[in-house]
Amino acid sequence: MIIQIKNIKRTPNGPLEQLYLENDLILGWNLEQSACLELDGKGGLVVPAFLEPHVHLREPGQTEKEDLESGLSAAVAGGYGTVVCMPNTIPVLDDPGILSSLIRKAETLGLARLRPSAALSRGQKGEGLADLALLKEAGAVMFTDDGRTNEDAHLLRRALEYAHSLGRIVSVHAEDATLRKDGVMNEGVVSEELGLPGNPWAAESARVARDLELCELTGARLHIQHLSTQQALEKVREAKKCGVNVTCEVCCHHLTLTDESLRSFDAMYKVAPPLRTQADCDALLEGLLDGTVDCLATDHAPHTLAEKERDLLEAPFGIGNIEVAFALLYTRLVLEKGFPLERLIGLMTEGVAKVLGWAVSTLEPGMPADLTVLDLETGREVRPLEFKSKAKFSPWAGETLKGWPILTLVRGVVAFERG
Ligand SMILES: [Zn+2]
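Here the structure is a predicted model, which means the values were calculated and not measured.

K.L.:
Which parts of the structure should I look at to understand helix α4 (residues 153–165)?
P.N.:
Every α-helical turn comprises 3.6 residues, leaving residues that sit three or four positions apart pointing alike. If you check α4, its first and last C-alpha atoms are 18 Å apart, about what 13 residues at 1.5 Å a residue would give, namely 18 Å. Listed in full, the buried residues belonging to α4 are Leu155, Leu156, Ala159, Leu160 and Ala163. Viewed end-on, α4 has its buried residues packed into an arc of 140 degrees, placing them on one side of the element. As for α4, its buried residues are in contact with α3 (132–138), β8 (142–144), β9 (169–172), α7 (201–218) and β12 (222–224).

Here's what the structure looks like:
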């Protein structure tokens with residue numbers, strides 16, 4: 001079956017063109033060809049669908065927060081064609097059977113492609129290694145105990161070596177839990193004024209330092225998740241200069257919000273690692289520009305409204321953000337700070353592919369028909385009640401953003417169309 005997407009642009013100032021798809025692949029541009037289905041790109045910019053290295057889909061076990069269908073619907077609404085889900089479900093994704101059934105279920109949904117990560121330790125308990133070889137065979141694309149920190153350095157070393165021998169990466173939530181202690185927000189001027197327990201920058205950078213040593217020691221590929229502090233970022237920058245085999249990601253909320261938001265005492269702003277200072281936001285942005293940061297992530301971590309309405313000490317860490325991620329970054333970084341659009345898109349597509357060792361997609365014939373059309377012109381309000389995610393609330397509710405995905409195709413099939 002041949003599909004034509006008309007009225008799309010390859011560059012923001014380029015001419016309107018037509019792209020043809022055949023089955024799940026790109027057929028070519030501006031062909032003299034009849035199509036079974038015509039889609040209208042409405043003058044939007046077409047890009048390879050975004051790749052997301054870090055989401056929490058909560059299935060199995062916590063489907064009141066999110067499930068495969070709601071989470072993968074939210075992903076395509078955010079312009080993502082592929083997501084890597086985290087294994088901190090109930091039960092934990094440390095079992096090949098559960099992993100493969102999750103992949104099979106996702107395939108029947110026809111939404112974003114699911115490429116799950118698996119636990120690095122059994123039950124994410126940090127005691128014994130999970131069976132990484134069987135998990136890889138079942139479809140695990142990386143190993144992580146995210147949701148938990150890796151307190152046992154010896155176990156992490158073994159995981160790095162084992163995963164490396166399987167051609168897989170290990171990704172870490174790099175935070176020293178003994179130093180973070182019961183911190184619920186960034187430790188600094190604001191936490192002191194509010195009288196709330198703080199989580200110091202050193203909890204992140206101390207753990208990053210240790211993990212970089214393990215990366216160098218083993219020669220294995222390490223990926224550091226959701227970097228939030230200038231100090232930890234600097235450690236990664238130095239390590240990369242010395243040839244250490246490390247990559248890292250930064251999340252959209254750490255680039256656009258600071259600990260000042262916590263003055264509202266609203267647990268909506270309670271995330272792990274915590275929102276830091278403006279100086280940290282600025283440093284992370286610099287890291288995106290100079291290549292220290294390899295890719296962007298959402299760390300989409302939905303909870304129920306009842307949970308997030310608890311007070312700051314009790315509420316769980318995490319927010320849902322996958323549906324606003326691109327519009328948020330396009331508006332705040334590209335439109336307001338002059339960040340290069342091409343770089344932003346690269347950090348959400350090929351940057352992620354390179355971290356995970358996947359082929360990089362382009363818009364050339366023969367490439368997968370996983371595409372997103374972005375409306376860069378129309379300002380739209382963030383309306384959480386319209387989210388596909390079960391987490392129908394957002395730190396950005398009511399803000400007007402540009403850059404909304406209007407059409408997402410996965411495997412050449414329309415997975416999302418903005419009404
Ligand atoms: Zn994490």
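Read on for the rest.
K.L.:
What's the story with the packing of α4 against α7 in this structure? I'm lost.
P.N.:
Geometrically, a packed helix pair is captured by the angle between its two axes and the distance between the axes. Where α4 meets α7, the axes come as close as 10 Å, and the angle between the chain directions of the two elements is 40 degrees. Considering the angle they form, α4 stands oblique to α7. In this structure, the crossing between α4 and α7 has a hand that is right-handed. Along the contact surface, α4 presents Ala153, Leu156, Arg157, Leu160 and Glu161, while α7 presents Arg210, Asp211, Leu214, Cys215, Leu217 and Thr218. For the contact of α4 with α7, the residue count by class is six nonpolar, one polar and four charged.

K.L.:
Is there a simple way to explain the sheet that holds strand β7 (residues 113–114) in this structure?
P.N.:
Adjacent strands of a sheet pair through backbone hydrogen bonds, lying either parallel or antiparallel. Within the open sheet, the three strands sit side by side as β5-β6-β7. Their pairing is parallel. Of all the strands in the sheet, the pair left with one neighbour each is β5 (50–55) and β7. As defined by bridge partners, β5 adjoins strand β6 (residues 80–85) across four bridges and the pair is classed as parallel. For Glu52, the partnering residue across the bridge sits in β6 and is Val83.

Cut-offs applied
Residue positions are counted from 1 within each chain, in the order its sequence is given. In view of the model being predicted, local features appear only for residues whose pLDDT reaches at least 70, and side-chain atom pairs are presented and counted only at 80 or more, with totals across whole chains, interfaces and linings using the full set of residues. Excluding hydrogens and water, the side-chain values take into account all heavy atoms of the structure. The way it works is that DSSP assigns letters per residue, a run of H or I at least four long becomes a helix, a run of E at least two long becomes a strand, and they are numbered from the N terminus. For a helix, the expected span equals 1.5 Å multiplied by the number of residues minus one. Classification of residues uses two cut-offs on accessible area relative to the type maximum, computed with a 1.4 Å probe and protein chains only: under 20% is buried, over 50% is exposed, and between them is partly exposed. Note: the arc covers the axis-to-C-beta directions of the helix. Contacts are residue-level and defined by heavy atoms, with any inter-residue pair within 4.5 Å sufficient. All axes are obtained by fitting lines to C-alpha atoms, using only the stretch in contact for helices, and the reported angles, taken between N-to-C directions, cover 0 to 180 degrees. An angle below 35 degrees is treated as roughly parallel, one above 145 as roughly antiparallel, one from 65 to 115 as roughly perpendicular, and anything else as oblique. A clockwise turn of the near helix away from the far one marks a right-handed crossing, whereas an anticlockwise turn of less than a right angle marks a left-handed crossing. Here the term charged refers only to Asp, Glu, Lys and Arg, the term nonpolar to Ala, Val, Leu, Ile, Met, Phe, Trp, Tyr, Cys and Pro, and the term polar to all other amino acids, Gly among them. Any two strands with at least two DSSP-identified bridges between them are counted as paired.

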